[in-house]
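Results of the structural survey
Chain by chain, the residues run as shown.
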Amino acid sequence: MRLRRAWSALSAALVLAAPLLVPPAAQAGPPRLGWELKETGVTARLRGLAPVSRDVVWASGSEGVVLRTVNGGRTWRNVSPPGTEALQFRDIEAFDAKRAVALSIGEGTDSRVYRTEDGGRTWTETYRNDEPRAFYDCLAFFDRRHGLAMSDPVDGRFRILATDDGGRSWQVLPPDGMPPALPGEAGFAASGQCLTVAGARDVWLSTGGADRSRVFHSADRGRTWTVTDTPIPAADPARGVFALAFRDRHRGIAIGGDYRPEEASPHAAAITRDGGASWQPATTPPPAYRSGVAWLPHLPFAAIAVGPSGSDVSWSAGRTWQTFDTGSFDTVSCTRDLTCWASGESGRIARLALR
């Protein structure tokens, strides 16, 4: 059975069960999930991922690499911007097979934004950071015109960059509406998911490294923000919330932990039902640090988390998780046509399949 039909059938069953909050496992046994690896021909670590559809996917990573497929991963074209081999493209957002915006991270001028309108044949550098203390981590778009990028704190507040023309030009937003950062607080450029949006105006950013992890929320495209503590442990530069995913303006999942492989990561997931105003720990979190998270399309309670030591699925809107794969991935993203993709170290890219 094709993945599209399988997801549709599973979605229908889950919707019927929604009033009782019964996961599919209680209906006819849980579906078996697995990753189908695709050969990319590169060894770069691909932390940026932007699937558009089952066929069109963009990915970005270390060594200035940007990849694109238009045939569902059967072949990949290296469309890296020229002269960027020293940069790390930790995030990428794509609108279709032709147009994409890529963010390189790093201190000072290493933080840049590039845009293509011809499938990566040519690129235009549309922003180069000139603030030595800024370090941009993540990028997110509300629609084809409006988007934001976030930097670690400058003068005690997170810095927000905004575009209203699809990434062709950028402006730093006034800092007045941003609550003060905690000592040591920063974002994590691990998966391109420390900044996420839902709807036309709501955006959230996640943090760690301070004495507690927090999630910031703006309902006006980054002009003003509120902030809430989460139960995911911090108190160390390697700990905190690494990724966020929101199903809508209310239901969200936070994923993180401690990225050092020798450290355990208990309580590495949390959920919200009020748009991030409050967070509750997952009752059965993933067993280790996770850096990426995504809601499965058209399944009201289903989500996937990934990290260097494995992938987990939740059939309960993030309350409980179970591992289904032990391969290494850094980020995960799903599309409206019922496909999910993951990417990570050594050029690894895979598409989710039902076994």
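From a predicted model like this one, the values you see are computed outputs, not experimental measurements. (Residues numbered from 1 in each chain as written. Predicted model: local features only at pLDDT ≥ 70, side-chain atom pairs only at ≥ 80, totals over all residues. Heavy atoms only, no water.)

Considerations on the pattern of salt bridges
- Evaluation of the coordinates by the stated rule reveals 19 salt bridges.
- Between Arg168 and Glu117 there is a salt bridge whose closest N-O contact spans 3.2 Å. Of this pair, Arg168 sits in the loop between strand S12 (157-163) and strand S13 (171-172) while Glu117 sits in the loop between strand S8 (112-116) and strand S9 (124-128), and the two are 51 residues apart along the sequence.
- On the accessibility criterion, Arg168 (46% relative accessible area) is partly exposed.
- What makes Glu117 partly exposed here is its relative accessible area of 46%.
- One salt bridge connects Asp211 with Arg212, and the closest N-O pair in it is separated by 3.1 Å.
- Through salt bridges with shared partners, one network takes in Asp236, Arg239, Asp258 and Arg260. (Salt bridge = Lys/Arg side-chain N within 4 Å of Asp/Glu carboxyl O. Helix = DSSP H or I, 4+ residues; strand = E, 2+ residues; numbered from the N terminus. Buried < 20%, exposed > 50% of the residue type's maximum accessible area, 1.4 Å probe, protein only.)

Notes on the confidence of the model for the protein
- Scored by pLDDT, the protein has a mean of 92; 92% of the residues are at 70 or more.
- Taken together, the stretch residues 1-27 has pLDDT below 50 and engages in 41 contacts with residues farther than four places along the chain or on a different chain. (pLDDT = per-residue confidence, 0-100. Contact = heavy atoms within 4.5 Å.)

A closer look at the side chain of Thr335
- With respect to the helices and strands, the residue Thr335 is situated in the loop between strand S26 (331-334) and strand S27 (340-343).
- A polar side-chain atom of Thr335 sits 2.3 Å from a polar atom in the side chain of Asp337.
- Engagement of the side chain of Thr335 in a polar contact is seen with the side chain of Thr339, the distance being 2.6 Å.
- In this structure, Thr335 is in contact with Pro51, Val52, Ser53, Arg54 and Pro297, ignoring residues within four places of it in sequence. (Polar contact = N/O pair within 3.5 Å; in protein donor to acceptor, adjacent residues only side chain to side chain.)

Overview of the pairing of strand S7 (residues 100-107)
- Among the 8 residues of S7, 7 are classified as buried, and the element is accordingly described as predominantly covered.
- Summarising the sheet, strand S6 (residues 88-94) and S7 pair through 6 bridges and their orientation is antiparallel. Looking at S7, one finds that Gln88 is bridged to Ile105.
- Counting the residues that bridge the hairpin from S6 to S7 gives 5 residues.
- Bridge count for S7 against S8 is 5 bridges, and the pairing is antiparallel. (Pairing = 2+ DSSP bridges.)

Regarding the layout of surface pockets
- Volume-wise, the largest pocket comes out at about 1,300 Å³.
- Along the walls of the largest pocket sit 41 residues, with Glu93, Val197, Ser333, Cys334 and Arg336 positioned nearest its centre.
- Residues belonging to the lining of the largest pocket are distributed by class as follows: 24 nonpolar, 10 polar and 7 charged.
- What lines the second largest pocket is a set of 22 residues, among which Arg47, Ala190, Phe242, Tyr259 and Tyr289 lie closest to the centre.
- Here the lining of the second largest pocket is composed, by residue class, of 11 nonpolar, 3 polar and 8 charged. (1 Å grid on protein atoms, 1.4 Å probe; cavity = no way out; pocket = protein on both sides within 12 Å on 5 of 7 lines; lining within 4 Å. Points joined across faces, edges and corners; volume = space filled by probe spheres on them. Nonpolar A, V, L, I, M, F, W, Y, C, P; charged D, E, K, R; others polar.)

A closer look at the sheet that holds strand S19 (residues 252-258)
- If you walk across this open sheet you meet the 4 strands as S18-S19-S20-S21, and the pairing is antiparallel. Both outer strands of the open sheet, strand S18 (239-246) and strand S21 (280-281), are each paired with one neighbouring strand and no more.
- Here S18 pairs with S19 via 7 bridges, running antiparallel. The residue bridging Arg239 from the neighbouring strand is Asp258, located in S19.

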